[in-house]
Each structure stands twice: as C-alpha cells, then as structure tokens.
Amino acid sequence: MKQKASNNLELLKQVNFGDIDGLYDPNINEYFIDNHYKSSILKENAYFVIGRKGTGKSALYNWLHRNQVEDGIMVSNKSFNDFPFEKLLQLSDDDFAKPNQYQSIWKNIIFSELAVLLTSDQSNPIDDNLLELNTYINHVFGVNLTDLHKEITRKVRKLSNTIGYDSTCIGTNNTTEKELYDGYRNLTKINDRLYRLLDNYLKRNPTKQYVIQFDQLDDNYSVFVNNTNYIQCIISLFKSIYQINQSFRMVNIPVKIVAYLRSDIYNQFNKFDPESSRWEQYVLKLNWAIINRSDWHDSDLLKLLNARIKNSLPELKGNSLFHTIFNKYIIGLNANKRKNGEGEDIFKYIVHRSFQRPRDIIQFCIKIQNEARSTNTLNYHTIKNAEKEYSLWLLGEIENEIAPIMKDTESLYELLRLMGRSYYTVSAFKSKFQIYSTKFNNIDVEQVLRILYNFGIIYNARVEANKIQEQFSIIRNDRSVFNRDLNIITHSGFYEGLHTSKFLNR
C-alpha cells in the first residue's frame, strides 16, 4: 500500500537524529555503531585513532568511556579542550633532540595518570610498589586529581637544561619521603622511577585493563598552525604512546594509551619525523566514504541513520527505515523523474552534498527535520530549503579548518564562485587566480589547488565528450593526490554554501 506524505512527515518529526558532536551526545550508547572499534583498541594494537574532523573520533572516545563498567575496564579520558598548550610548549626537554623534546612531560602525564588509576582501584592488592605510587601521587598532587594533565603542566618548570617539578612541589620534611624525592627534580629520573614501579606492580598482580585516552588535541591547531613546536609536541606524544604501549604489550600488561587526532595534522608528521611511518599498523582510521556502487544500499552512513531512526521509532519495520521515511516517490526531488513517476534517492542526494562524514549526514537530516516542522510539509521544497541552511553550515565548518592556512577566505570564496558549478581546467583556474594572487599570503596557485583538494573542496574529474566519466577525491580515498592533468569540480555542497552566502551578504 502506498504511503501517504502526511504519515512520513509525522514519522520524521519523531526522530531524534542525535548530536552532531558525539563527545556530548547523551544517547550515544543507544545507537553507536561499533565497526570493530572496541576490539581494535582493547584487544588488538590500535594506538592512534585518526580521521577527519566530524568522522566520529570523539564519539568513540565518549562511547568507550561510558561503557567501561560493562566492559570490566577502567578508562581515563583526558580532554585537551581549554588546555594550557602555551605553557606545555615551553616545557621542551633539552636533553632530547627534536622532535623528541616533549617526551618527558608526556611520559610523566601518562605514568602519573596510570598511577592514579591503579591506586584508586579498590580491587587491586596492595604491595610496596603500589604504596610508593600512592605516596608519589599524594605528595605531588594531593587530593585534587581532576584534570591531572593540566595540573602537571602547571607544576612542571624549566630547570636550566632540563625540566622537573618546582622544589615547592617535591620538598618535604618527612625523612622517608625525602629519600624518595631527593634527586628527582629531573623529570626523566622521576619517569624512570615511575615506570619501574608500574612495571613491577603490573607484572606481579592481575588487574583489570586500564585505558588512557587523549582527545581534542587538535582544538588548539588553529592557534598554533604555523608553530612547528606544536606539531613536534604532538609527535612527542605519539612517540611516547608508541614506546609505552609496545613496552607493556611485550610483557602482556593490560594497559593501553590511545590518542585521537585529525588526519590532516597526522599526515604532516613525516615532514618532521620520518620514523612516524612505522606507526601505520597501529593506526585505526575512521573513514565512512562509500567507495563502490554496490555499497550504497548497506553503507555505514546509512546504517548510522537507520540506527538512530530505529531508536526513536522501535515499532517501525523495514530493512531501511531511512528510505521508509524519506520515500523518494513521495518527495519527488528530481523534476524530470517526478514527471515520469520516478524518484531520486534522497540518501544519495544527501551524501553527494556532504564530505561523507557522520557529522554532515546528521546535520543535513536535522536541517530537513527543522524545515519539515516549520512548514508542516515533506516534499522536494523541504529538501531544497533545508539544503541551503545545511550548505551554509558546511561552509562554516570547513572554514574552521582552512582559515588558519588561507587567511583571506572571502577572496578564496569569490574565486571559487567565479569557477562555477561545472567542471573547469587548471589553466582556467590559474587565469582567474591572477586576480586574487596577492590575497593569499604568498601561497602560489599550485599550493592553493593542493590545499583545496586535500580538504575535499575540489575534486578531479575525467571528462570525455563533455561528460564527467569518473571523479577522484580525497573524500573517497585519503591517499589520493591532486592531478593537474585532469579537470576540476568544486564540491557541490560547498558550492551551494558559496552561492547562498553570496546573496546573504548583499
């Protein structure tokens, strides 16, 4: 029996598509899709979770923490939002060459946090190692163990050619404690002692699994994008995580340190440290892109939407709940197909205007839902009106990433508007670029094209007989590189945002 549009409208109004930021989604447990993520981190060798902004890194970080009791583990989440990175970047250890100069501070943060987990776990047996770890924690940090990574950064000082704790942090009149801490103002020595204590305890005592997670490391990237110390600091963290995880792994100690980072930052590591390439087998990449045509009917992005609809409407039946609500024949998105009684797939329409990230897909659906509630209709006008709002959001979303590199985004947008919606050549782009070349901080046209391609703002296209035969994009293949011998297309969702914003600015 054919569905009525009014039924679909009422169903759409009831769906909770969730938050676009998985870090703060209170219902993440209800519809999170685990694509082998948990086992990769807890049972296998994933140390680094890498993905573009909006691909669900923080959702995974949040989800693992929320399920720690059920999984029988202890998870400590270290957020670097509102973190004193300026202070951290002052704490380079001159005993180490670049880009290793921040390993001392990172190792101290990791070892101290692990010591807190062990000493706070009431199920752990007590021995001399644990007692000394407890003394260290109480002596240096006291009872306030919230945001320990921030507290450590605040307390550590530059000491001539090395770094360590201020004497006011470690000075004591207690004879036993004085023996423990005399000579340990040097952070490297403190770290060596902490590692021995942790290693001795965890080898001798069966414990639950402990996981320490670092997220939002890239929240400060826009501020430090031109600061090589920032990249070196993050590389030092990754080196520390790699070394510690490997050391524990070799002796079957159930501890895992995990870092979450944007792919565009991670991909810069090899410019500073060629050894970073060896971490590749320890990387869990989050990529939701639909590669093959056969994947459309069962893609992860579609599963994500179906899971959220099912959670809101458990009584709704069918293999694809999204297509049940967004019935292509009822909505009639494409005018030509509408006349012929056909319909355009709404899911494909949304995906083609996205960067194929969960954040984009969810936001587009929320915009459609808001428009449907406002107008009390669900038809092709609903989708088109929602698309304008979504595209403006997408423009702002990408601007947050690209603005630190290309300061004059307004000139960039005007240039891309001039290129139009259809495909164009590199030579045509270069010709128009001459008008704006002085606006881009001495970035030449070849660099601009590579930057735009690497952010997914432009695609490459193979054109034959004035028809696009094939498209190449970093969205579908994160190892793809710009090919100047092919034609170019501006991303359709991004271009709609450019087009809409132009009229708003008048």
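Residues numbered from 1 in each chain as written. Predicted model: local features only at pLDDT ≥ 70, side-chain atom pairs only at ≥ 80, totals over all residues. Heavy atoms only, no water.

1. Description of the overall build of the chain
Note the following rule: Only runs of H or I of at least four residues qualify as helices and only runs of E of at least two qualify as strands under DSSP, and these elements are numbered from the N terminus. We compute the radius of gyration over the C-alpha atoms and compare it with the globule rule, which gives 2.2 Å times the number of residues raised to the power 0.38. Any residue under 20% of the maximum accessible area for its type is buried, any over 50% is exposed, and the rest in between are partly exposed; the area is computed with a 1.4 Å probe on protein chains only. Contact criterion: two residues are considered in contact whenever any of their non-hydrogen atoms come within 4.5 Å of each other. In this description, accessible areas are obtained by the Shrake-Rupley approach with a 1.4 Å probe, and a residue is regarded as covered only by the protein chains that are shown.
From N to C terminus, the chain includes 27 helices and ten strands. Compactness check: the chain gives a C-alpha radius of gyration of 26 Å against a globular reference of 23 Å for 506 residues, within 12% of the reference. By its C-alpha atoms, the chain is 90 × 60 × 40 Å across when sized along the principal axes. Within the chain, the proportion of its 506 residues that are buried is 54%. Counted over contacts in the chain with a minimum sequence separation of 6, partners at least 24 positions apart contribute 74%. Carbon and sulfur atoms provide 45% of the accessible area of the chain, an area that totals close to 22900 Å².

2. Looking at the packing of helix α24 (residues 409-419) against helix α25 (residues 426-433)
Under the convention used in this document: Note on method: axes are straight lines fitted to C-alpha atoms, helices fitted across the in-contact stretch only, with angles between N-to-C directions ranging 0 to 180 degrees. Oblique is the label for any angle not under 35 degrees, not over 145, and not in the 65 to 115 range, which are roughly parallel, roughly antiparallel and roughly perpendicular in turn. Helix crossings get a hand from a simple test, with the near helix turned counterclockwise from the far one by less than a right angle marking a left-handed crossing and a clockwise turn marking a right-handed one. Residues are grouped as follows: nonpolar covers Ala, Val, Leu, Ile, Met, Phe, Trp, Tyr, Cys and Pro; charged covers Asp, Glu, Lys and Arg; every other residue, Gly included, is treated as polar.
Two elements in contact, α24 and α25, have axes separated by 10 Å at closest approach and are oriented at 135 degrees. Regarding the angle of α24 to α25, the classification is oblique. When you trace α24 past α25, the crossing you get is right-handed. For the pair formed by α24 and α25, the contact residues are L415, L416, L418 and M419 on the first element and A428, F429, K432 and F433 on the second. In terms of residue class, the contact of α24 with α25 is made up of seven nonpolar, no polar and one charged.

3. Some points on the packing of aromatic side chains
Convention followed: What counts as a ring pair is set by centres within 6.5 Å for rings of Phe, Tyr and Trp (its six-membered ring), and what kind of pair is set by the plane angle: stacked under 30 degrees, edge-to-face over 60, tilted for all other angles.
Enumeration over the complete set of coordinates arrives at 36 aromatic pairs. Their ring planes at 20 degrees and their centres at 4.4 Å tell us that F364 and Y390 sit as a pair that is stacked. Taken together, the positions of F364 in helix α22 (residues 358-375) and Y390 in helix α23 (residues 380-402) put the pair 26 residues apart, joining distant regions of the chain. You'll find F364 and Y390 in the same group, each marked buried.

4. Observations concerning the sheet that holds strand β1 (residues 48-51)
Cut-off, in case you're wondering: Should DSSP find at least two bridges between two strands, the strands are regarded as paired.
What the five strands build is an open sheet, ordered β2-β5-β6-β1-β7; its pairing is parallel. Of all strands in the sheet, those with a lone pairing partner are β2 (73-79) and β7 (283-286), marking the two edges. Pairs of neighbouring strands in the sheet enclose a mean axial angle of 20 degrees, with direction left out of account. Sheet contacts for helix α7 (residues 103-120): β2, β5 (209-215) and β6 (255-262); angle to β5, the most-contacted strand, approximately 140 degrees.

5. Thoughts on helix α17 (residues 300-312)
Rules: A helix is expected to reach a length of 1.5 Å times the quantity of its residues less one.
Taking 1.5 Å of rise per residue, the 13 residues of α17 would be expected to cover 18 Å, and the 19 Å separating its terminal C-alpha atoms lies within 8% of that figure. Residues L301, L302, L304, L305, N306, R308 and I309 constitute the buried set of α17. In this structure, the buried residues of α17 make contact with α2 (28-31), α18 (321-325), α21 (346-352) and α22.

6. Considerations on the nonpolar core
Put simply, the rule is: The term nonpolar core refers to a set of buried residues drawn from Ala, Val, Leu, Ile, Met, Phe, Trp, Tyr and Cys, joined through side-chain atoms within 4.5 Å.
If you look at the biggest cluster of nonpolar residues, it comprises 94 residues, and the most contacted ones within it are F17, I41, L60, F322, L416, F429 and I458. Among the elements that take part in this core, α23 stands out by supplying eight residues, more than any other. When residues no more than four places from it in sequence are discounted, the contact partners of F429 are L415, L416, M419, Y424, V445, V448, L449 and L452. Counting residues in each nonpolar core, the second largest holds 66 residues, with L130, Y165, L202 and I231 among its members.

7. Thoughts on the confidence of the model for the chain
Quick note on the threshold: Looking at any residue, its pLDDT shows the predictor's confidence there, from 0 to 100.
For the chain, per-residue confidence averages 89 on the pLDDT scale, and 92% of positions sit at 70 or higher. With pLDDT under 50 throughout, residues 168-183 is counted as low confidence; its partners more than four residues away or in other chains account for 21 contacts.

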